[in-house]
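Secondary and tertiary structure notes
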Amino acid sequence: MPTTTLLAGPELHVDLDALGANVATFRQRSRGLVAVVKADAFGHGDVAQHLLAHGADWLGTTSLAEAVALRERTGARTLAWLASPAADFDPAVAAGVDVAVPSLAHLRAVVAAARATGERARVHLHVDLGIARDGAPREAWRELVTFAGALARMGVVEAVGVMGHLSHAAHPDDPRNRTERMLFDNAVRTAARRGFVPQVRHVAATASALRGVGTEYELVRVGAGLYGIDPAGGDALAPVIGLAAPAVVVRDVAAGTGVGYDHAWVADRRTRLATIPVGYADGIPRVASGRAEVLVRGRRARVVGAVSMDQVVVDVGDAGVEPGEPITLVGTEPGAPTLGEWAGWSGTIAHDIVTHLGARWQRSFTGGAACA
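Everything numeric in this text was worked out from a predicted model, so none of it was measured. (Residues numbered from 1 in each chain as written. Predicted model: local features only at pLDDT ≥ 70, side-chain atom pairs only at ≥ 80, totals over all residues. Heavy atoms only, no water.)

**Observations regarding the overall build of the protein**
Using the following cut-off: Strands are runs of DSSP state E lasting at least two residues, helices are runs of H or I lasting at least four, and both sets are numbered from the N terminus onward. Burial classes: relative accessible area under 20% of the type maximum marks a residue as buried, over 50% as exposed, and values in between as partly exposed (1.4 Å probe, protein chains only). Note on areas: Shrake-Rupley with a 1.4 Å probe; residue coverage comes only from the protein chains shown.
Regarding its fold elements, the protein presents eleven helices and 19 strands. Principal-axis analysis of the C-alpha atoms places the extent of the protein at approximately 80 × 45 × 35 Å. Going through the 372 residues of the protein one by one, you find that 53% of them count as buried. In the form shown here, the protein has an accessible surface area of approximately 15800 Å², with 50% of it arising from carbon and sulfur atoms.

Right, here's the structure in full:
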């Protein structure tokens, strides 16, 4: 057996040095960096302090509650941008969290929180540039900025930012990038003329920052790229995450042996099978059944049968493998599967894979000495 290290259970490893290297990459390409830590930092856990120590200027998340906790724990400038107008904005305003405002209803809720807490609300007006998702539609922008400008002059809100999101930044030559940036500049000018003069402007996310689209503004908001994921499939970023699980059951089977429900796979030869204790409840996509591969003793092995809720079966062939031996699902060693490959096997994106990793993975962190 080539390794003396046995695993007790599934392990999710985070390389903090790689995380720091990615922060440095984006810091060099921006005037100011908002490190996005939504969805438990894309499944990577509590890494906010490491991001800040390596050069992130702000933190960003969607949830008001997450933003308040981050602000109180780190003291960093923190932006939250996805809340219902019926949400309780009081704790966020009281904590000095920056809040995105995409509508008059949201602005009224933020004003109520400012008056209830006696604090001036830090506001980023959010304009839709063509993604039809979050942000105020262009036809509603003038009314929104007129009200916000009046509130800024009264000292009820602080005019911190204007923000948007580009729809085609992964394709820098797409003419919509130019159009949407012109729309954004017009939106900023309209806001300023009505008294809402932003301190910072931001439209760029990971793909934008890597390709220099929209990085001329004061901030970029980067999430996936910090964790080694480039939406356009480039190779400028360091992989951050590793996934491994032990072989809990190993058996030799004869040709004709069926595996799993409905015998989705039947052995065509004598072989050895290893069962590992992760499944779709742990974020292993069921749709990758029969296509995904893992690394066993330095070589690839195929996932066979259907991915179950708690377990996956691997055809390890003549590679040996003993109970407790680690099997790599995602790694950085030669031959190890990547997040991009898992996304391909699953017909999805790498973001989808990492944000569905469940609580049963034992998380470990290495590196990051600068943050100690």
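There's more to say after this.
**Considerations on the pairing of strand 2 (residues 33-36)**
What counts here: The pairing criterion is simple: DSSP has to find at least two bridges between the two strands.
Neither face of strand 2 is left uncovered, since the one carrying Leu 33 and Ala 35 and the one carrying Val 34 and Val 36 both have all their residues buried. Across three bridges, strand 2 lies against strand 3 (residues 58-61) in parallel orientation. Residue Val 34 lies in a different strand from strand 3, and its bridge partner there is Trp 58.

**Here's the deal with the domain arrangement of the protein**
Which entries qualify depends on this criterion: The source of the domain bounds is an automatic or database domain assignment.
For the protein, the assigned domains are domain 1 (58-218) and domain 2 (241-366). The C-alpha-based centres of domain 1 and domain 2 are spaced at 42 Å.

**What to know about the layout of surface pockets**
Think of a ball as big as a water molecule: rolled over the atoms, this probe shows where empty space is left. To keep it simple, the criterion reads: In this analysis, the protein atoms alone were mapped onto a 1 Å grid. Cavities are point sets where a 1.4 Å probe fits without being able to get out; pockets are open sets with protein on both sides within 12 Å along at least five of seven lines; lining residues have an atom within 4 Å of a point. Grid points are joined across faces, edges and corners, and a volume is the space filled by probe spheres set on the points. In this classification, the charged set is Asp, Glu, Lys and Arg, the nonpolar set is Ala, Val, Leu, Ile, Met, Phe, Trp, Tyr, Cys and Pro, and all remaining amino acids, among them Gly, are polar.
In this structure, the largest pocket occupies an estimated 710 Å³ of space. Around the largest pocket, the lining comprises 28 residues; the ones closest to its centre are Lys 38, Arg 133, His 165, Ala 205 and His 351. Contributions of two or more residues to the lining of the largest pocket are made by helix 2 (38-43) and helix 9 (206-211). Among the elements that line the lining of the largest pocket, the one with the most residues is helix 9, at three residues. Each residue belonging to the lining of the largest pocket can be placed in one class, and the counts come to 15 nonpolar, nine polar and four charged.

**Focus: empty space enclosed by the protein**
Applying the stated rule across the entire model yields one cavity of 30 Å³ or more. Its boundaries defined by the atoms lining it, the largest cavity holds a volume of some 30 Å³. Along the walls of the largest cavity sit Leu 243, Gly 283, Ile 284, Pro 285, Leu 329, Val 330, Trp 342 and Ile 353, which together make up its complete lining. Of the residues that constitute the lining of the largest cavity, the class distribution is seven nonpolar, one polar and no charged.

**Quick look at the pattern of salt bridges**
Let me state the cut-off plainly: By convention in these notes, a salt bridge is any Lys or Arg side-chain nitrogen within 4 Å of a carboxyl oxygen on Asp or Glu.
Going through the model one piece at a time under the given rule, you end up with 23 salt bridges. Between Asp 315 and Arg 269 there is a salt bridge, with its nearest N and O atoms 2.6 Å apart. Of this pair, Asp 315 sits in strand 17 (residues 312-315) while Arg 269 sits in the loop between strand 13 (265-266) and strand 14 (271-276); the two residues are 46 residues apart in sequence, bridging distant segments of the chain. Where Glu 325 meets Arg 297, a salt bridge forms, and the shortest distance between an N and an O atom there is 2.7 Å.

**Thoughts on the pairing of strand 5 (residues 98-101)**
Neither face of strand 5 is open: one carries Asp 98 and Ala 100, the other Val 99 and Val 101, and all of them are buried. Where strand 4 (residues 77-80) lies against strand 5, two bridges are found, and the strand directions are parallel. Bridging from a neighbouring strand, Leu 79 pairs with Asp 98 of strand 5.

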